[in-house]
Amino acid sequence: MKRVMLVCSAGMSTSLLVTKMNIAAVKTGVLVEIFAVSESDASKHFDHIDVLLLGPQVRYLLGKMEKTLAGRGVPVAIIDGINYGRMNGDAVLEQALKLLE
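Residues numbered from 1 in each chain as written. Predicted model: local features only at pLDDT ≥ 70, side-chain atom pairs only at ≥ 80, totals over all residues. Heavy atoms only, no water.

- As recorded in an unreviewed UniProt entry, the protein goes by Phosphotransferase system, lactose/cellobiose-specific IIB subunit and comes from Alkaliphilus metalliredigens.

See below:
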């Protein structure tokens, strides 16, 4: 099972998106574990994730996260602002899955 971590400032705003992504995963039959953490807790999970998605409000972390996770083969991307604002779990799940290909 692949593990997808979402990171935002406090981990709160991505919680609803995680719920929407889990609903999308069940609908499509995709086996994936999705969870959200705050920026300050992200490093505690680096050894146990397959992809990292950043909330638009923490886009400034992209370079740092890419550099940190490069040796682990973990792709990092910023969640599209429109999909994030609309809490489009289907689209964000699709983004995560494409990064895992």
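### Side note on the pairing of strand E1 (residues 2–8)
Here is step 1 of the chain: Most of E1 is tucked away: five of the seven residues are buried.
Here is step 2 of the chain: Pairing between E1 and strand E3 (residues 51–54): four bridges, direction parallel. Counted as the bridge partner of Val7 is Leu54 from E3. (Buried < 20%, exposed > 50% of the residue type's maximum accessible area, 1.4 Å probe, protein only. Helix = DSSP H or I, 4+ residues; strand = E, 2+ residues; numbered from the N terminus. Pairing = 2+ DSSP bridges.)

### Details of the packing of helix H1 (residues 13–28) against helix H4 (residues 89–100)
Between two packed helices, what matters for the description is the angle formed by their axes and the separation of those axes.
Here is step 1 of the chain: Contact geometry for H1 and H4: axes closest at 8 Å, N-to-C directions at 75 degrees. On the basis of the axis angle, H1 is roughly perpendicular to H4. Where H1 abuts H4, its residues Leu17, Lys20, Met21, Ala24, Ala25, Lys27 and Thr28 lie against Gly89, Asp90, Val92 and Leu93.
Here is step 2 of the chain: Grouping the amino acids of the contact of H1 with H4 by side-chain chemistry returns six nonpolar, two polar and three charged. (Axes fitted to C-alpha atoms, helices over the stretch in contact; angles between N-to-C directions. Parallel < 35°, antiparallel > 145°, perpendicular 65-115°, else oblique. Contact = heavy atoms within 4.5 Å. Nonpolar A, V, L, I, M, F, W, Y, C, P; charged D, E, K, R; others polar.)

### As for the UniProt feature "modified residue: Phosphocysteine" (unreviewed entry) in the protein
Here is step 1 of the chain: Per the UniProt entry, the sites bearing "modified residue: Phosphocysteine" (unreviewed entry) are Cys8 in this numbering.
Here is step 2 of the chain: Its location among the elements puts Cys8 in strand E1.
Here is step 3 of the chain: By relative accessible area, which is 1% here, Cys8 ends up buried.
Here is step 4 of the chain: Those residues within four positions of Cys8 in sequence are excluded, and the remaining contacts are Ser13, Thr14, Val37, Ser38, Glu39, Gln57, Val58 and Tyr84. (UniProt positions renumbered as here; feature names shortened; annotations may be inferred.)

### A look at the pattern of salt bridges
Here is step 1 of the chain: One pass over the full model with this rule turns up five salt bridges.
Here is step 2 of the chain: Measuring nitrogen to oxygen at the nearest pair gives 3.2 Å for the salt bridge that ties Lys27 to Asp90. Residue Lys27 is found in helix H1, and its partner Asp90 is found in helix H4; the two are separated by 63 residues along the sequence.
Here is step 3 of the chain: For the salt bridge of Lys98 with Glu94, the shortest nitrogen-to-oxygen distance reads 3.2 Å. Here the residue Lys98 and the residue Glu94 both occupy positions in helix H4, the gap between them amounting to four residues, near one helical turn. (Salt bridge = Lys/Arg side-chain N within 4 Å of Asp/Glu carboxyl O.)

### Digging into the sheet that holds strand E4 (residues 76–78)
Here is step 1 of the chain: The four strands are arranged E2-E1-E3-E4 in an open sheet whose pairing can be described as parallel. In this open sheet, the two strands that pair with only one neighbour each are strand E2 (32–38) and E4. Ignoring which end each strand starts from, the neighbouring axes of this sheet average 25 degrees apart.
Here is step 2 of the chain: The pairing of E3 with E4 spans three bridges and is classified as parallel. Bridging across to E4, Leu53 finds its partner in Ala77.
Here is step 3 of the chain: Packing of helix H2 (residues 62–69) onto the sheet brings it into contact with E3 and E4, and relative to E4 it is tilted by some 165 degrees.
Here is step 4 of the chain: Contacting E1, E2, E3 and E4, H4 crosses the sheet at an angle of about 140 degrees to E3.

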